[in-house]
Amino acid sequence: MLRIDNLQAEVAGKPILKGLSLDVKPGEIHAIMGPNGAGKSTLGYTLGGRPGYEVTGGTVAFDGQDLLALEPHERASAGLFLGFQYPVEIPGVSFVQFLREALNAQRKQRGQDPLSGGEFLKLAREKAALLKLDMDMLKRPVNVGFSGGEKKRAEMVQMGILDPKLAVLDETDSGLDIDALRVVGEGINAIMRRPDKAVLLITHYQRLLDYVKPDFVHVLAAGRIVKSGGPELALELERVGYETVAA
Amino acid sequence: MTEALAIPTTRDEDWRYADADSLASADPAALSNWTEWQVAPGEIRREYRVFASSDDTAGLVERLRVRVGKGGRFELAIVNAAGHYARVEVEVTLEQGAHFEFGGVTIGGGEKVQEFVTRVIHAEPEATSQQVVRAVQWGRSTGNFLGRIEVVRDAQKTDAGQNFKAILLEKGASANTKPELEIFADDVKCAHGAAIGALDRQAGFYMASRGIPPELARKLLVRAFIADAFEGVSDETEQTRLLDAALDALNEAAL
């Protein structure tokens with residue numbers, strides 16, 4: 001589903017990703033762990049196509065397409081969802097409006113008919129209930145006045161509504177208390193653990209992996225994957241730290 | 001109408017950001033026309049205007065002078081999308097306890113110069129006024145707001161507010177604002193604020209990451225931005241009509 005080959009990227013002229021390769025197949029959940037500054041967020045933003053993140057080498061194939069040739073909104077329509085570490089506030093635009101525009105823009109790009117207001121609200125209600133987010137919150141402006149935990153729950157509601165093939169979740173666990181962590185973890189499982197979907201979970205800590213069991217764990221250090229393994233690798237990292245494992 | 005038929009120049013304080021070429025070729029009679037209205041005591045009057053975008057190179061100068069009687073209320077909302085030079089001047093005198101609510105949007109590109117020039121006179125105590133102006137400019141266009149608030153000596157308990165924000169969608173565009181407060185009473189609240197910036201690029205990428213293409217993202221962000229100006233419009237249908245009229249001008253932009 002996602003094949004990253006020797007990816008190199010820089011931010012403001014500074015090389016961050018230095019030859020990263022990764023192969024994610026349908027039905028798999030991959031965790032990417034690593035110390036601060038390893039390039040974890042850069043990987044997410046580069047896949048999402050954020051301006052300022054310049055690819056200087058390598059290829060990324062997503063479902064057989066050249067992902068890097070697509071505009072950010074086209075990547076979303078192709079089935080990529082990027083979960084943000086710090087979801088952006090958009091005053092004056094309600095979540096309901098934002099998500100309906102987003103979903104219908106994606107459907108249009110894929111040649112599908114738009115959802116009516118009623119159909120969309122039914123879908124939004126269902127996904128909000130799944131993530132235990134009060135539907136009234138979706139009537140408020142996007143992320144404005146939301147706590148850290150509410151923003152992350154709202155990210156997962158968005159993921160549920162947009163129904164991507166691949167979710168790249170950047171530090172989705174940061175800013176979550178224990179209860180919210182469980183809700184978000186269960187949400188990821190409910191939405192994304194399917195034979196035709198895949199997840200790239202970018203995280204600092206083992207704790208989210210207690211709820212979302214990865215099939216593969218990779219250690220990212222200095223812009224490259226330096227070690228890959230099964231779920232036991234995350235536990236080893238937690239025990240002995242990145243320096244020992246990455247050395 | 002006994003005003004001198006002289007053409008103002010940009011040396012005149014109230015015309016400092018005006019388009020000099022348009023002024024030089026203007027008809028002096030047109031420049032000294034005032035539409036005059038009275039809002040009777042206790043009456044509510046609502047006026048909504050759209051000066052639509054056109055390729056017209058002619059100037060547009062609209063001047064409105066309104067007196068609002070005791071306890072009366074005057075709501076005015078205007079979309080200024082016209083050009084080449086489009087100036088809307090409003091002078092409002094408030095009697096005791098009267099209220100003036102103003103929402104204005106300038107929106108345009110090319111070489112357009114669009115401006116609101118307001119003068120709100122709090123002539124008696126306890127009157128209130130609220131002015132919100134938003135400018136959205138691209139190309140080499142300019143959006144201006146010159147707002148003067150005068151509070152006379154006896155106009156205690158005046159509460160006057162003025163807020164201007166501009167977003168410039170391209171580098172060559174500009175916006176100017178000049179708040180002027182003349183306060184001769186001592187128990188008065190007068191607030192003003194201004195900010196000029198660009199569209200939030202982070203919000204743009206966030207929207208793109210959800211599948212919203214750049215033109216639609218820009219439209220949603222601009223709509224949210226200018227909506228502030230029409231929050232005081234109590235009729236929702238009118239509110240939508242004004243917003244849509246403003247966004248029509250944006251649709252013409254080749255950005």
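Residues numbered from 1 in each chain as written. Chains lettered and ligands numbered in written order. Predicted model: local features only at pLDDT ≥ 70, side-chain atom pairs only at ≥ 80, totals over all residues.

J.: Would you mind going over the nonpolar core with me for this structure?
T.: A general trend in soluble globular proteins is that nonpolar side chains are found buried together. Counting 139 residues, the largest nonpolar core has Val199 and Leu201 of chain A together with Val92, Ile226 and Ala246 of chain B as its most contacted members. Broken down by element, this core gets its largest block of residues, seven residues, from helix H4 (residues 214–227) of chain B. Beyond its immediate sequence surroundings of up to four residues, Ile226 of chain B is in contact with Val105, Arg134, Val136, Leu243 and Ala246 of chain B. (Core = buried A, V, L, I, M, F, W, Y, C linked by C-beta atoms within 7 Å. Buried ≥ 20, exposed ≤ 12 C-beta atoms within 10 Å, placed from the backbone. Helix = DSSP H or I, 4+ residues; strand = E, 2+ residues; numbered from the N terminus. Contact = placed C-beta atoms within 7 Å.)

J.: Is there a simple way to think about the pairing of strand S9 (residues 142–151) of chain B in this case?
T.: Where a strand is regular, its side chains alternate between the two sheet faces. All names here are of chain B. Extensive coverage of S9 is indicated by the burial of eight of its ten residues. In this sheet, S9 lies alongside strand S7 (residues 113–122) in parallel orientation, the contact comprising ten bridges. Looking at the pairing, Val120 lines up with Ile149 of S9. Pairing between S9 and strand S11 (residues 174–183): ten bridges, direction parallel. Looking across to S11, one finds that Gly147 is bridged to Pro179. (Pairing = 2+ DSSP bridges.)

J.: Explain the sheet that holds strand S2 (residues 44–51) of chain B to me, please; I cannot follow it from the model alone.
T.: Within a sheet, neighbouring strands are paired by backbone hydrogen bonds and run either parallel or antiparallel to one another. Residue and element names in this part refer to chain B. Strand order in this open sheet of six strands is S2-S4-S6-S8-S10-S12, and the pairing throughout is parallel. In this open sheet, the two strands that pair with only one neighbour each are S2 and strand S12 (188–197). Taking the axes of each pair of neighbouring strands and ignoring which way they run, one obtains an average angle of 5° across the sheet. The pairing of strand S10 (residues 158–168) with S12 spans ten bridges and is parallel. Note on S12: the bridge partner recorded for Asn163 is Gly193. (Axes fitted to C-alpha atoms, helices over the stretch in contact; angles between N-to-C directions.)

J.: Explain helix H1 (residues 40–48) of chain A to me, please; I cannot follow it from the model alone.
T.: Owing to its 3.6 residues per turn, the α-helix aligns residues three or four sequence positions apart on the same side. When you tally the buried positions in H1 of chain A, you get nine out of nine residues, the bulk of the element. Taken together, the buried positions of H1 of chain A are Lys40, Ser41, Thr42, Leu43, Gly44, Tyr45, Thr46, Leu47 and Gly48 of chain A.

J.: How should the interface of chain A and chain B be read in this particular structure?
T.: Often, the extent of an interface is quoted as the loss of accessible area on bringing the components together. Between chain A and chain B, the contact holds 20 residues from the first and 15 residues from the second. Those elements that provide at least two residues to the side of chain A that touches chain B are helix H2 (72–77), strand S7 (90–94), helix H3 (95–109) and helix H5 (148–162) of chain A. Here the residues of the side of chain A that touches chain B are counted per class, giving twelve nonpolar, six polar and two charged. (Nonpolar A, V, L, I, M, F, W, Y, C, P; charged D, E, K, R; others polar.)

J.: Honestly, the sheet that holds strand S10 (residues 198–203) of chain A in this entry has me stumped. Any pointers?
T.: Residues and elements named next belong to chain A. One open sheet holds the six strands; their spatial order is S6-S9-S10-S3-S11-S12, and the pairing between them is mixed. The open sheet has two free edges, formed respectively by strand S6 (80–83) and strand S12 (224–229), since each of these has just one partner strand. The mean angle between the axes of side-by-side strands here comes to 20°, regardless of whether they run parallel or antiparallel. Direction of pairing for strand S3 (residues 29–33) relative to strand S11 (residues 216–221): parallel, over a ladder of four bridges. For Ile32, the partnering residue across the bridge sits in S11 and is His218.

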